[in-house]
Amino acid sequence: MANNINYRDFTDDNHYIELAGEVMAIRASGDVPKACIRTYGCQQNVADSEKIKGMLAEMGFEFTENAEEADFILFNTCAVREHAEDRVFGNVGALKNIKRKRPSVVIGLCGCMMEQKHVTDRLYKSFPFVNLVFGTHSLHKFPELFYNTITDGKRVYETGVDDKTVYEGIPIKRDGTFKGWLPIMYGCNNFCTYCIVPYTRGRERSRKFEDVVAEAREMIEAGYKEITLLGQNVNSYGKNLDENATFANLLREIDKIDGDYLIRFMTSHPKDCSKELIDVIADSRHISTHLHLPFQSGNDRVLKAMNRSYNREKYLDIINYAKKRIPDVSLTSDVIVGFPGETYDEFLDTISLVKEVEFTSLFTFIYSPREGTPAAKMDDPYTAKEKSAWFSELLKVQEEIAAKRCAEMVGKTYRVLVENATDKDGILSGRTSGNIIVEFAGDESLVGQFTEVKITEARNWILKGELA
Ligand code: SAH
Ligand code: SF4
Ligand code: F3S
């Protein structure tokens, strides 16, 4: 495929960081300027927020959870379902009071919602106290846009400019010290008929192979124990690069780096999830035994209407291969209930697939119409009440499966990355390679380390264990 993606270095035009830093040093209400960044949505947004924090840190900002004391409040928004959008509008409305009390506070909105014109039109009309709005494509321009906002006094809006470019070198302030995100590609070309992401994130573009490997190496050398490779469809990594730059090869290359670490990745799309990829996981030293493979529906007619480009048989074929090749594989998935026109019988195919695969856990969603997507124009005869009854039925089936899967783990010993101390005295919480949470007694000094834990008890889908 022709390489029509541009690669640019962010540092070429970062003098706005310095300029904005100088202005904020004077404008700050305290000794140093403070920013409150709230992130909604998926890991892509979390990773973007880490870049925004990286740029703000270089401007001299410190960070706070408390919007009341911030000089800059930014919401990084998600558009994937109506509920996500409603929450943002509600929370933005609440900022009005802060702005009234402290007119100098800068209020900004960014992320996926901002790449929808009906949203920015509504904001412009009804939320005049919002000073800065920028979409996912303008992340690299944040310092300039922010500088214009704090010097010009006018509202700054920049959205809808997909320049098909990958920007390298944007500073990152990672939230975690031993778990980190590593975006390998941006955007999505799949246009599943229900989904807004291709419209909010633009066309698929992969980072260069060597840039990703170099960043993974830096993270491992800096002590990261768990690195999650991110993309909307990681299996199509490298389509705009040369033919050796495939996702399977990328995993192979990262896995060669010596060290004590775990590689995770998300999200895999079943249509290009190859057996080669499963083999790479099975034969690797560092890749987790967790495969998150969203199937969305177990019915072939619905899958076709969703434009998912695989059928039930192909999906199960990959799953069965993974079960055969990866001992103890932990499978998770996303499911949509109530896609327009989905009948109860078709929904039962989803139930039967869930029973057949026996997922560790499921992310279940009731279909939410998204303006501008093909599915939003489809006939949708079933009521919200019917859909929510089916949804409950699915949850119940999955709860039983999860409980059974957890019970099967009792007595076995797993390598666990200790994530944090729980609020229970002396009890730590960690995750297995299969991404299953385990609680066990241990010293806080273990946080951030791998340790062996024997599972002693499964309370429904919560596992308890002891240090082995
Ligand atoms: N790229 C990933 C998913 C990104 S969105 C993939 O294809 O697997 C995360 C999940 O949100 C999707 O897998 C889907 O289950 C759900 N989702 C997306 N759009 C939705 C909508 N309009 N209504 C309900 N759920 C939706
Ligand atoms: Fe949305 Fe489909 Fe792309 Fe996932 S693969 S982000 S569901 S369009
Ligand atoms: Fe939401 Fe955008 Fe992610 S719509 S799910 S934050 S890609």
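Please read all numbers here as calculations on a predicted model, not as lab measurements.

Scoring rules and cut-offs
Residues numbered from 1 in each chain as written. Chains lettered and ligands numbered in written order. Predicted model: local features only at pLDDT ≥ 70, side-chain atom pairs only at ≥ 80, totals over all residues. Heavy atoms only, no water. Helix = DSSP H or I, 4+ residues; strand = E, 2+ residues; numbered from the N terminus. Rg over C-alpha atoms; globule rule 2.2 N^0.38 Å. Buried < 20%, exposed > 50% of the residue type's maximum accessible area, 1.4 Å probe, protein only. Contact = heavy atoms within 4.5 Å. Areas by Shrake-Rupley, 256 points an atom, 1.4 Å probe, with all protein chains shown as cover. Lys, Arg positive; Asp, Glu negative; His and termini not counted. Charge placed at Lys NZ, Arg CZ, Asp CG, Glu CD. Polar contact = N/O pair within 3.5 Å; in protein donor to acceptor, adjacent residues only side chain to side chain. Arc of directions from axis to C-beta. Pairing = 2+ DSSP bridges. Axes fitted to C-alpha atoms, helices over the stretch in contact; angles between N-to-C directions. Near = heavy atom within 4 Å. Nonpolar A, V, L, I, M, F, W, Y, C, P; charged D, E, K, R; others polar.

Engineer: Any chance you could explain the overall build of the protein chain here in plain terms?
Structural biologist: Helix and strand content of the protein chain: 13 helices and 21 strands. Against the compact-globule benchmark of 23 Å for 468 residues, the protein chain has a radius of gyration of 23 Å, which places it among compact chains. For the protein chain, the C-alpha atoms occupy an extent of roughly 60 × 55 × 50 Å along the three principal directions. Taking all 468 residues of the protein chain together, the buried fraction comes to 53%. Excluding contacts between residues fewer than 6 apart, the proportion of contacts in the protein chain whose partners are at least 24 apart in sequence is 76%. Entry remark: accessible area of the protein chain is about 20600 Å², with carbon and sulfur atoms responsible for 48%. Placing the 60 positive and 71 negative side-chain charges of the protein chain at their respective mean positions leaves the two points 4 Å apart.

Engineer: Explanation requested: the side chain of Arg207 in the structure shown.
Structural biologist: By the secondary structure assignment, Arg207 is in the loop between β11 (205–206) and α7 (209–221). In this structure the side chain of Arg207 is engaged in a polar contact, spanning 2.8 Å, whose partner is the side chain of Glu215.

Engineer: Looking at this structure, I do not really get helix α8 (residues 247–255). What am I missing?
Structural biologist: Given 3.6 residues per helical turn, the α-helix brings residues three or four places apart onto the same face. Within α8, the full set of buried residues consists of Phe247, Ala248, Leu250, Leu251, Ile254 and Asp255. Along the long axis of α8, the arc covered by the buried residues comes to 160 degrees, so they all point the same way. The elements touched by buried residues of α8 are α7, β12 (226–230), β13 (262–266) and α9 (275–283).

Engineer: Where do I start with the sheet that holds strand β9 (residues 179–183) in this structure?
Structural biologist: Within a sheet, each strand pairs with its neighbour through backbone hydrogen bonds, oriented either parallel or antiparallel. Across the sheet, 3 strands lie side by side as β9-β12-β13; this open sheet has parallel pairing. Across the chains shown, the open sheet's two edge strands, defined by having one partner strand only, are β9 and β13. Taken over all neighbouring pairs, the strand axes of this sheet differ in orientation by 25 degrees on average, direction set aside. Across 5 bridges, the pairing between β9 and β12 is parallel. What sits directly across from Trp181, in β12, is Thr228. Most of the contacts of α7 go to β9, to which it runs at about 170 degrees, and overall it touches β9 and β12.

Engineer: What am I meant to see in the site of ligand 1 here?
Structural biologist: Around ligand 1 sit 15 residues in total, of which Tyr194, Gln232, Gln296, Asp334 and Ser368 are the nearest. A distance of 2.8 Å separates a nitrogen atom of ligand 1 from a polar atom in the side chain of Gln232. The side chain of Gln296 places a nitrogen or oxygen atom 2.7 Å from an oxygen atom of ligand 1. When the free accessible area of ligand 1 is taken as 540 Å², the share hidden by the protein chains comes to 90%. Contributions of two or more residues to the shell around ligand 1 are made by β15 (330–337) and β16 (361–366). Residue composition of the shell around ligand 1, by class: 7 nonpolar, 4 polar and 4 charged.

Engineer: What exactly am I supposed to notice about the environment of Gly54 here?
Structural biologist: For Gly54, the location among the structural elements is in helix α2 (residues 43–58). The exposure class assigned to Gly54 is buried, which follows from its relative accessible area of 3%. Distance from Gly54 to Pro171, taken between C-alpha atoms, is 4.7 Å for residues 117 residues apart in sequence. The residues contacting Gly54, other than those within four sequence positions of it, are Pro171, Ile172 and Lys173.

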